[in-house]
Amino acid sequence: MMLSVLDIFKVGIGPSSSHTMGPMNAARRFVLDLAADGSLARTTQVSVQLYASLALTGRGHCTDRAILLGLEGLSPETLDPAAIEPTLARVRSTRTLSLAGQREISFDEGEHLLWHGDQALPGHPNGMRFTALDAAGKVLRSDEYYSLGGGFIASAVELANPTDARLSQQVRFPFSSGDELLAMAKRNGLELHELVLANEAAFRDPSATRAALLRLWSIMQACIEQGFAAQGLLPGALKVRRRAPKLYRQLLETGPASPVQVMDWVNAFALSVNEENAAGGRMVTAPTNGAAGIVPAVLGYYRRFEPGASDEGVLRFLLVGGA
């Protein structure tokens, strides 16, 4: 199975690809499936059960918040971070959900969102079960999902019987290791970024790939800038103060970058993204939320300090990084 670079680099919200983005995607898929099979209009109650790792560490990773947002039909990729708190405040104060943005039902977190840290579903530690019932208490639909990391999800059926169309996707230059990638590029007289772009043509037009990657870079830049501009404490019980804004000011005050400051700047860019991720901001997985600061940190330094830096360089870097 060959993934696209756009499977590796995905827009989402923090703080975790497996505990935030994955559960949100699963909850959204559940309510969209309810709508697709005609059950949404008859749904009066939805219950969610979280198991094992999701239950044990989910509160710290905002899994409960992600589930509520996903049930409302919101996607990590398109959700405006500024809309998160107002949406959650409405859901929790009124004790109602608007399923898929279409069907309003009562929802009490203490009763309908349960944490089973001492139990596990068979397919994966990050397991979830969603159940929809009608007014008579009849089960309309019950699905199990697993959050596999990087925002990827699979139903229990899909995990047991993989049928992803990309399993048979024919790319021009298939590879399964770094050694194979290097050897194939050498054998065909291609730069690595040229080889990867040729493979991406199996998924979409090359111009669409370039546009998508430059959009991802713009989101990375915005994340860096937001992290430098933010102040105060990060969310959570530990009361950790943001460090990126102060480090950024200190670096600006020292004047032009010198060779010994390279890692200070790279660290500042990475820390800014990581703190935005921890705050639930918008970022780009690379390939997970946990590693989200690395790619924009290198690109941030390249664009700011490297003579001759360009969008073409950004594209080359993201293509090779995705590979």
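From a predicted model like this one, the values you see are computed outputs, not experimental measurements.

### Observations regarding the packing of aromatic side chains
Taken as a whole and judged by the stated rule, the model has eight aromatic pairs. Among the aromatic residues, those joined into a ring-pair cluster are Phe228, Tyr248, Trp265, Phe269, Tyr301 and Phe305. Against the face of Phe152 rests Lys10, its NZ or CZ located 4.3 Å from the ring centre. The aromatic ring of Trp115 is capped on one face by Arg59, whose charged end is 4.1 Å from the ring centroid.

### Considering the layout of surface pockets
Taken as a whole, the largest pocket holds about 530 Å³ of empty space. In terms of lining residues, the largest pocket is bounded by 29 residues, among which Cys62, Pro235, Ala278, Ala279 and Gly280 are the most central. Its residues assigned to classes, the lining of the largest pocket shows 15 nonpolar, eight polar and six charged.

### Overview of the packing of helix H10 (residues 206-229) against helix H12 (residues 262-278)
H12 packs onto H10 with a crossing angle of 85° between their chain directions and a minimal axis gap of 8 Å. With respect to H12, the element H10 is oriented roughly perpendicular. Together, Cys223, Ile224, Gln226, Gly227 and Phe228 of H10 and Ala268, Phe269, Ser272, Val273 and Glu276 of H12 make up the contact between the two elements. Split into classes, the residues belonging to the contact of H10 with H12 amount to six nonpolar, three polar and one charged.

### Comments concerning the nonpolar core
Judged by nonpolar contacts, the single largest core of 32 residues is most densely connected at Ile67, Leu71 and Phe130. Contributing elements (two or more residues each) for this core: helix H2 (17-36), strand E2 (45-51), helix H3 (52-57), helix H4 (63-71), helix H5 (84-94), strand E3 (96-99) and strand E6 (127-133). No other element matches H2, which puts six residues into this core. Setting aside residues no more than four positions away along its own chain, Phe130 makes contact with Ala26, Ala27, Phe30, Ser47, Val48, Ile67, Leu71, Arg141, Ser142, Asp143 and Tyr145. Counting 26 residues, the second-largest nonpolar core is a separate cluster that includes Ile8, Val11, Leu195 and Leu318.

Conventions used here
- Residues numbered from 1 in each chain as written.
- Predicted model: local features only at pLDDT ≥ 70, side-chain atom pairs only at ≥ 80, totals over all residues.
- Heavy atoms only, no water.
- Phe/Tyr/Trp six-rings, centres within 6.5 Å; stacked < 30°, edge-to-face > 60°.
- Lys NZ or Arg CZ within 6 Å of the ring centre and 35° of its normal.
- 1 Å grid on protein atoms, 1.4 Å probe; cavity = no way out; pocket = protein on both sides within 12 Å on 5 of 7 lines; lining within 4 Å.
- Points joined across faces, edges and corners; volume = space filled by probe spheres on them.
- Nonpolar A, V, L, I, M, F, W, Y, C, P; charged D, E, K, R; others polar.
- Axes fitted to C-alpha atoms, helices over the stretch in contact; angles between N-to-C directions.
- Helix = DSSP H or I, 4+ residues; strand = E, 2+ residues; numbered from the N terminus.
- Parallel < 35°, antiparallel > 145°, perpendicular 65-115°, else oblique.
- Contact = heavy atoms within 4.5 Å.
- Core = buried A, V, L, I, M, F, W, Y, C linked by side-chain atoms within 4.5 Å.
- Buried < 20%, exposed > 50% of the residue type's maximum accessible area, 1.4 Å probe, protein only.

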